[in-house]
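# Structural characterization, general
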Amino acid sequence: MVIPDNSEQLTSLAAQIKVWGQELGFQQVGITDTDLSKAETHLDNWLAKSFHGTMDYMQRHGHKRSRPALLHPGTSRVISVRMDYLPESGDRMWSALENPLSAYISRYALGRDYHKLMRNRLQKLADRIHAEIGDFGYRAFVDSAPVLEKALAEKAGLGWIGKHSNLINRKAGSWFFLGELYTDLPLPVDKPATEHCGDCHACLDICPTQAIVAPYQVDARRCVSYLTIELHGSIPEELRPLIGNRIYGCDDCQIICPWNRFAKLTNEKDFNPRHRLNTQELLDVFAWSGQEFLDKTEGSAIRRIGYERWLRNIAVALGNAPKSKVIIESLKTKLLHPSELVQEHVKWALDQQLGKT
Ligand code: B12
Ligand code: SF4
Ligand code: SF4
C-alpha cells in the first residue's frame, strides 16, 4: 500500500473515491483545491455588515474558515460531498405553511440529526481510502468547524451558490447537506459548477422577512432560520408577525426555487419524519411538557434549541394565528412559565390574539 505519486494513479484514486462515496450514500463527490480568496472577500464583507448577528462563531476564527490549511495543516485538497435530505414533496410543504394552525418545521430537521450521520459516512470514506493506500492526512467536517462549505462545494463542481445563498445542483435542486474531507493527497481537481439563476428573483420576493437583502447576500439577523434556531434571546417584535407558523427554520426560498423541481426524495430512512413532526399542530406541540419535548426530539437537530426557545417560537406562531378562544386559553397556561423569555413571547402573543377582531 503506497500513496500514489504519479498523475495516472491519482486520477484513478479520485475516480475510486467518487464511486466509494456514492456507495456510502452520498449523491455526489467532488474535489477542489484550497484557494477560497474570492469567497473570503465576500465573507469579510458579510461579517463587516454584521449580517452574522449573534453567531460569534462566524468571526471567531480569523481566516481559518477561508484558508483550509490554517484549520488543518497540510491540507491541499478538499473532497466535498452532498447528501439529499428531502423527505416529502413541495406540495405538502405548501399546505403545512398555508394552514396557520399547523406547526411548520424545516424539512431538514424532521428526522435524525445529519451531523453525526454524515460524519460517520465521511469517516467510512476515509477508512476506505486508507485501506487502499495506507496512511494519509485527512479530517472530516460537517458544519462542525470553521469551513466555507458552500464555496468549497461550488468549486468542487457540486452546484452553484444561488441568489438565496444555498448551493443548487442543476439535476438535484438544493435539498441536500454538505460535508467534506480535508486531505493532503494531491488529487486532480474537478471543474467548478456554473451559475444558473439567470434573471430569476423568486427567492428574494418570497422571503417572508426580506432577509435576502441583495442577490447572494442573506442578512441572517432577518432570516427566520436564524431567528428561530440561532438566536438565543428575544425575537425582535417587528419581525414576529412575519414569521407566520414557522417554528423551527424556514424553507420558503428553496420551495419556490424552480431548480427544486428536479429534487429527489431522500433514500436515507433516518431523514424521514419522526413523531409526525411534519404534520404537528401548534396547539399540540405547545402543550408538550419539557420531558415530551426531549423524548420527541431525541436524535434530532431540534433538540439543540432547548424547550425554552421551542416554546418561544410556538408562542410567536400562536400570536400570528387567527383569533381563537382555544389559543387564548392555551397561551394563558404558559403566562407564569418560569422562563422570562417564554413569558414575554406569550404576553406578546396574547396581545396579538386579543387585539384581533
Ligand atoms: C451560518 C449559517 C447559516 C446562517 C446564515 C446563512 C448564510 N447565508 O450564511 C443561518 C442561520 C441564517 C442559516 C440558515 C440556513 N441554513 Co445554514 N449554515 C450556516 C453555516 C454554518 C455557515 C454559512 C456561511 O459560511 N456563511 C457566510 C456567508 C458569507 O456565506 P454566504 O451567505 O453563503 O455567502 C456566500 C455567497 O453567497 C457569496 N456572496 C456573499 N456575499 C456576496 C456578495 C456578492 C456581490 C456576490 C456576487 C456574492 C456574494 O460568497 C459567500 C461565500 O461563498 C453553513 C455550514 C458551513 N460551515 O458552511 C450552514 C449551511 C449553509 N446551512 C445550510 C442550511 C440547510 C440552511 C437552511 C436551509 C436551514 C433551514 N431550512 O432553516 C437555512 C437557509 C437560509 C439561507 N437562505 O441561507 C446548509 C446548506 C446546504 C446547501 N444546499 O446549500 C449548510 C451548508 C449546512 C450543511 N452542512 O449542509 N445558515
Ligand atoms: S430561509 Fe426563509 S427567512 Fe431565511 S432567507 Fe430563506 S426564505 Fe428568507
Ligand atoms: S429562486 Fe431563482 S434566483 Fe433564487 S436561487 Fe432559485 S433560481 Fe436562483
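See the structure printed just above.
The shown structure was predicted, so the numbers you read here are calculated from the model rather than taken from an experiment. (Residues numbered from 1 in each chain as written. Chains lettered and ligands numbered in written order. Predicted model: local features only at pLDDT ≥ 70, side-chain atom pairs only at ≥ 80, totals over all residues. Heavy atoms only, no water.)

### Looking at the sheet that holds strand β1 (residues 28-32)
Our working rule: Strands were regarded as paired on the criterion that DSSP finds at least two bridges between them. Secondary structure follows DSSP: runs of H or I at least 4 residues long count as helices, runs of E at least 2 residues long count as strands, and numbering of each begins at the N terminus. To obtain an axis, a line is fitted to C-alpha atoms, over the contacting stretch when the element is a helix, and the angle between two such axes runs from 0 to 180 degrees between their N-to-C directions. Contacts: residue pairs with any heavy atoms within 4.5 Å of one another.
Read from one edge to the other, the open sheet built from four strands follows the order β1-β2-β7-β4, with strand pairing classed as antiparallel. Looking at which strands have only one partner, the edges of the open sheet turn out to be β1 and β4 (138-141). Geometrically, the sheet is characterised by an average inter-axis angle of 20 degrees between neighbouring strands, direction not taken into account. By the bridge criterion, four bridges tie β4 to strand β7 (residues 176-183) in an arrangement that is antiparallel. Paired with Tyr138 across the bridge in β7 is Thr183. Against the sheet, helix α1 (residues 7-23) contacts β1 and β2 (77-84), and its axis sits at roughly 145 degrees relative to β1. Packed on one face of the sheet, helix α5 (residues 114-133) meets β2, β4 and β7 and runs near 40 degrees to β7.

### A look at the site of ligand 2
Applied cut-off: Whether a residue is near a molecule or strand is decided by its heavy atoms; if any one of them lies within 4 Å of it, the residue is near. Residue type decides the class: Asp, Glu, Lys and Arg count as charged, Ala, Val, Leu, Ile, Met, Phe, Trp, Tyr, Cys and Pro as nonpolar, and the leftover types, Gly among them, as polar.
Taken together, the residues surrounding ligand 2 are Cys207, Pro208, Thr209, Ile212, Cys223, Val224, Cys250, Asp252 and Cys253. Of the residues assigned to the shell around ligand 2, the class counts are seven nonpolar, one polar and one charged.

### Considering helix α2 (residues 37-48)
Our working definition: Multiply 1.5 Å by the residue count of a helix minus one, and that product is the helix's expected span. Only protein chains enter the area calculation, which uses a 1.4 Å probe; residues under 20% of their type maximum are buried, those over 50% are exposed, and those in between are partly exposed. The arc in question is the one traced by the directions running from the helix axis out to the C-beta atoms.
A rise of 1.5 Å per residue sets the reference length of α2, with its twelve residues, at 16 Å; its end C-alpha atoms lie 17 Å apart and thus fit the reference within 8%. The complete set of buried residues in α2 reads Ala39, Glu40, Leu43, Trp46 and Leu47. Mapping the buried residues of α2 onto a view down its axis gives an arc of 125 degrees, with all of them on the same face. Away from the buried face of α2 by more than 90 degrees, exposed residues Lys38, His42 and Ala48 are located.

### Some points on the side chain of Ser102
Put simply, the test is: Whenever a nitrogen or oxygen atom comes within 3.5 Å of another N or O atom, the pair is scored as a polar contact, on the condition that within protein one atom can donate a hydrogen and the other can accept it, and that pairs from neighbouring residues in sequence are kept only if both atoms are in side chains.
Relative to the assigned elements, Ser102 resides in the loop between α4 (90-98) and β3 (104-105). Its relative accessible area of 7% is what places Ser102 among the buried residues. Of the polar contacts made by the side chain of Ser102, one reaches the backbone oxygen of Ala96; its length is 2.7 Å. Not counting the four nearest positions on each side in its chain, Ser102 is found in contact with Ala96, Asn245, Gln280, Glu281 and Leu282.

### Here we look at the site of ligand 1
What surrounds ligand 1 is a group of 38 residues, the closest being Ser106, Glu149, Lys150, Leu167 and Ser225. A distance of 2.9 Å separates a nitrogen atom of ligand 1 from a polar atom in the backbone of His164. Listing elements by their share of the shell around ligand 1, those giving two or more residues are α2, α6 (149-155), β7, β9 (217-218), α8 (224-230) and α10 (252-255). Per-class residue counts for the shell around ligand 1 are 22 nonpolar, ten polar and six charged.

### As for the packing of aromatic side chains
Here is the rule we go by: Here is the rule: rings of Phe, Tyr and Trp (six-membered ring for Trp) pair when centre to centre is within 6.5 Å. Planes less than 30 degrees apart are stacked, more than 60 are edge-to-face, and the remainder are tilted. The rule is short: NZ of Lys or CZ of Arg within 6 Å of the ring centre and within 35 degrees of the ring normal puts a charge over the ring.
Following the criterion strictly, the structure yields 15 aromatic pairs and no others. An angle of 85 degrees between the planes, with centres 5.3 Å apart, marks the rings of Trp160 and Trp259 as edge-to-face. With Trp160 in strand β5 (residues 160-161) and Trp259 in the loop between α10 and α11 (282-287), this residue pair connects regions lying 99 residues apart in the sequence. By relative accessible area, Trp160 is classed as buried at 1%. Ring plane angle 45 degrees and centroid distance 5.3 Å describe the contact between Phe293 and Trp310, whose orientation is recorded as tilted. One end of the pair, Phe293, is in helix α12 (residues 290-296); the other, Trp310, is in helix α13 (residues 306-320), and 17 residues separate them in sequence. Following the ring pairs from residue to residue traces out a cluster consisting of Tyr85, Tyr108, Tyr114, Trp175, Phe177, Tyr248 and Phe271. Looking at Arg82, its charged tip hangs above the ring of Phe176, at a distance of 4.7 Å from the centre. The ring of Phe286 has Lys334 lying over it, and the distance from NZ or CZ to the ring centre is 4.9 Å.

### Description of α13
The end-to-end C-alpha distance of α13, which contains 15 residues, comes to 22 Å, matching closely the 21 Å that a straight helix rising 1.5 Å per residue would cover. Counted residue by residue, α13 has eleven buried out of 15 residues, so it is predominantly covered. Within α13, burial applies to Arg309, Trp310, Leu311, Arg312, Asn313, Ile314, Ala315, Val316, Ala317, Leu318 and Gly319.

### Examining the packing of α1 against α5
Heads up, the condition is: Reported orientations rely on four angle classes, namely roughly parallel under 35 degrees, roughly antiparallel over 145, roughly perpendicular from 65 to 115, and oblique for the rest. Left-handed is the label given to a crossing in which the near helix is rotated counterclockwise from the far helix by less than a right angle, and right-handed is the label when the rotation is clockwise.
Between α1 and α5, whose axes approach to 10 Å, the crossing angle comes to 140 degrees. Between α1 and α5, the crossing angle belongs to the class labelled oblique. As for how α1 packs across α5, the hand of that crossing is right-handed. From α1, Leu13, Gln16, Ile17, Trp20 and Gly21 reach across to α5, where they touch Leu125, Arg128, Ile129, Glu132 and Ile133. Of the residues contributing to the contact of α1 with α5, the split by class is six nonpolar, two polar and two charged.

### Quick look at the environment of Leu336
Tracing the backbone through its elements, the reader meets Leu336 in the loop between α14 (325-332) and α15 (340-355). Judged by relative accessible area, which is 80%, Leu336 ranks as exposed. Placed 128 residues apart in sequence, Leu336 and Pro208 show a C-alpha to C-alpha distance of 31 Å.

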